[in-house]
Amino acid sequence: MHRTRVRIVEDALDANNTIARANRDDFDRHGVGVVNLMSAPGAGKTTLLERALDDLPGVRVGVLEGDVAGSFDADRLSLLHIPVAQLNTGAGFGGECHLDANMVRTALPALPLAELDLLVIENVGNLVCPAEFRVGEDARIMICSVTEGEDKPLKYPLMFRACELVLVNKIDLLPHLAFDVDRLLANLEAVNPGVRHMLVSAHTGEGVDDFRDWLAAVPARVRAAA
Ligand code: MG
Ligand code: ZN
């Protein structure tokens, strides 16, 4: 019984990886670098994108917004006058709490890939299953905000291990919180040794320049690796 269940899960992940490779081929054909942005709900993914994507020098960026329902975040990012597509998992995907490669594939026709250098996929807010599904991205970023507690890397290790950049957001709130940044970073180092991190505030803009530079460098990095 247990063995059968394991088999089914493995098959599902194999199928996902096959579709992720097809997405990857499409991204490569159009020369698009892709990042998958993950976090718990409310960590500040959209606000950070509003800040960082507003002025990406020389990089044509688009966004795929993943949410269970609504187009709240897509509407906000559309104000930046960049291509934005909304993907609702509640519309045809059973209200799933993550994006998978197939969902992303269905949304690709809504994006002008040939006109983009960088695609940011904002995943559904969730610290668990988004980390299990590759969608064809080049890099995975996660945001951990200082209102969530220093223990999160230890409690959700897969998510913190799956990413190559961790943004510690809402640092403007630190004076009001009993939050120990050093303890968070030690916990992060314990589950993902050497992973890059940045301290940012999407609210005040502190640290966002570094994130913007990191994002702007993705397309060239992807082309160099191809
Ligand atoms: Mg959002
Ligand atoms: Zn899920």
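Everything below is about the structure shown above.
Described below are features of the structure shown in this document. Here the structure is a predicted model, which means the values were calculated and not measured.

Rules of the game
- Residues numbered from 1 in each chain as written.
- Chains lettered and ligands numbered in written order.
- Predicted model: local features only at pLDDT ≥ 70, side-chain atom pairs only at ≥ 80, totals over all residues.
- Heavy atoms only, no water.
- Phe/Tyr/Trp six-rings, centres within 6.5 Å; stacked < 30°, edge-to-face > 60°.
- Lys NZ or Arg CZ within 6 Å of the ring centre and 35° of its normal.
- Donors = N, O, S within 2.8 Å, 3.2 Å for Na, K, Ca; no water.
- Buried < 20%, exposed > 50% of the residue type's maximum accessible area, 1.4 Å probe, protein only.
- Helix = DSSP H or I, 4+ residues; strand = E, 2+ residues; numbered from the N terminus.
- Pairing = 2+ DSSP bridges.
- Axes fitted to C-alpha atoms, helices over the stretch in contact; angles between N-to-C directions.

Things to note about the packing of aromatic side chains
Applying the stated criterion across every chain yields a total of 0 aromatic pairs. In this arrangement the basic side chain of R221 is found over the ring face of W214, its NZ or CZ atom lying 5.3 Å from the centre.

Thoughts on the coordination of the zinc ion (ligand 2)
Listed as protein donors to the zinc ion (ligand 2) are C97 (SG), H98 (ND1) and C129 (SG); their distances from the metal cover 2.0 to 2.3 Å. Classification of H98 as buried rests on a relative accessible area of 5%.

Some remarks on the coordination of the magnesium ion (ligand 1)
For the magnesium ion (ligand 1), the full set of protein donor atoms is T46 (OG1), D73 (OD) and E122 (OE), at a range of 2.0 to 2.1 Å. Taken in chain order, the donor set of the magnesium ion (ligand 1) reads T-x26-D-x48-E. One end of the pair, T46, is in helix α2 (residues 45–52); the other, E122, is in strand β4 (residues 118–122), and 76 residues separate them in sequence. Accessibility classification places T46 together with E122 in one group, the buried group.

Focus on the sheet that holds strand β7 (residues 196–199)
With parallel pairing, 7 strands are arranged side by side in an open sheet as β3-β2-β4-β1-β5-β6-β7. A single partner strand is all that each edge strand has here, and the edge strands are β3 (84–88) and β7. Across the sheet, the axes of successive neighbouring strands diverge by a mean angle of 20°, strand direction being ignored. Relative to β4, strand β2 (residues 61–67) runs parallel, the two being bridged by 5 bridges. Within the sheet, the bridge partner assigned to E65 lies in β4 and is E122.

Considerations on unusual backbone geometry
One non-glycine residue, H81, lies in positive phi territory at about 60°. With respect to the helices and strands, H81 occurs in the loop between α3 (72–78) and β3. Taking the relative accessible area as the measure of exposure, H81 reaches 74% and is therefore exposed.

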